[in-house]
Structure formats: C-alpha cells, structure tokens
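Chain and residue survey
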Amino acid sequence: SRAIMDFAIAHRNIAAFLTFGPTDNLVTPPNSRGELADPMTLGLMAFADESNAEVFDVGVFPVDVAISPDGRTVVTRSGAGPDDMLHARSLDAFEPRAIDGTGGGRTPQFSPDGRWISFVTSSGIHKVRATGGAPLKIGWFPPSFRDYRWADDGYIYYVDEGQIWRLPESGGDAEQLTKIDTNET
C-alpha cells in the first residue's frame, strides 16, 4: 500500500531533501547526437516516486544517514571491510568521529531525545550512546524488514512482510501489531 511505501522511504527522502532541497536543477544527459537538452527540475515527490522501485524491488536499505533531533549531529555509514562503521559529525566539528562497536551497522537513527543512536547489523538492532560507549543489543530484526522508526513511546516500530511490529527500546521480544487477513479477497 502507499502508506507502507511512504513509511519505508521516508529516510531516503529526507536525505534527498537535505541534499537537493525541495527541487534541484539537474542536467539532462546528452542525446544520441551529443546535444544537451534544457535542464530539468526534479521535485522531491518525483524523486520519491522514481526511487520506490529501487527500495521495493531490489530490497536495499532506504538510507544510511541519521540527523539528531536538535539538528546538530549527523550520523553516516562509511568505510569498507573492517572500517565499515558508523561515524558521527557535529556541526561544530570539522572531522567525523568513528562510533566504536558499530562495524557493519546500517540504517542509523537517533532516539527521540537524541541520547542514543540505533543501528542494524546482521545480528539484530543495537543502540549506543550518542556520546560514545559500548553498544547494547536491543533485539533481533528479520532480514526481510524494510525500515524502522524509534518512537517517543518507548518502542521501535518496523515493517516486515507487510506487517507492523514493535520492539521495546530497552530490549526484549518484538510484538506483532497487524496481521494480514488471508480470507480477504
């Protein structure tokens, strides 16, 4: 459904908005004769519609960037191999700092109060203090999950195979909140 699609690409669209603004003039590639066309304007909704196929057909993670609630810190994933980890960059710092214990981490998010950063690895979802420290495992995420949100009610919500689940931010087992009615035609 459109609601689930919007939920799964929300982070990707935020990153696009921050990168491009609400619209960005893009140069159209040259045609077969090498002639340049007029620049086109790409709106954010057009970007979202164009990018849906990649998110849902290929099954990639929507985005590997998180912005703190106060807007002063950005967390991204960078590096390769053993250096593939999350990095945080404060607006008042020139260089990002590596976040220890986040090797292989994907899809970072800040807690609503900005004190924690969550991330997903092949072993589950974890959180680490935004100021640094050892990461703590919150729980397990299925490999087929699409996206998640850390809500201010103490739960982390995620979508898996069209169903909405929630996981306590303090750790524990996930609870299924929706169920597909297989009798529905």
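These remarks concern the structure in this document. No experiment lies behind these values; they were computed from the predicted model shown.

Here we look at the pairing of strand β7 (residues 106-110)
Among the five residues of β7, four are classified as buried, and the element is accordingly described as predominantly covered. Here β7 runs beside strand β8 (residues 116-121); their pairing, made up of three bridges, is antiparallel. Note on β8: the bridge partner recorded for Phe110 is Ile117. The turn joining β7 and β8, which pair antiparallel and follow one another in sequence, is formed by five residues; a positive phi near 80° is taken by Gly114.

Overview of the pattern of salt bridges
As enumerated under the stated definition, the model contains six salt bridges in all. With a shortest N-O distance of 3.3 Å, Arg77 and Asp84 are connected by a salt bridge. On the basis of relative accessibility, which here comes to 30%, the residue Arg77 falls in the partly exposed class. We classify Asp84 as buried; its relative accessible area is 10%. For Asp113, the salt bridge goes to Arg115, with nearest N and O atoms at 3.7 Å. Using a relative accessible area of 48% as the deciding quantity, one classes Asp113 as partly exposed. On the accessibility criterion, Arg115 (52% relative accessible area) is exposed. Among the ionic contacts, a cluster of salt bridges with common partners joins Asp64, Arg77, Asp84 and Arg106.

Quick notes on the rules
- Residues numbered from 1 in each chain as written.
- Predicted model: local features only at pLDDT ≥ 70, side-chain atom pairs only at ≥ 80, totals over all residues.
- Heavy atoms only, no water.
- Buried < 20%, exposed > 50% of the residue type's maximum accessible area, 1.4 Å probe, protein only.
- Helix = DSSP H or I, 4+ residues; strand = E, 2+ residues; numbered from the N terminus.
- Pairing = 2+ DSSP bridges.
- Salt bridge = Lys/Arg side-chain N within 4 Å of Asp/Glu carboxyl O.

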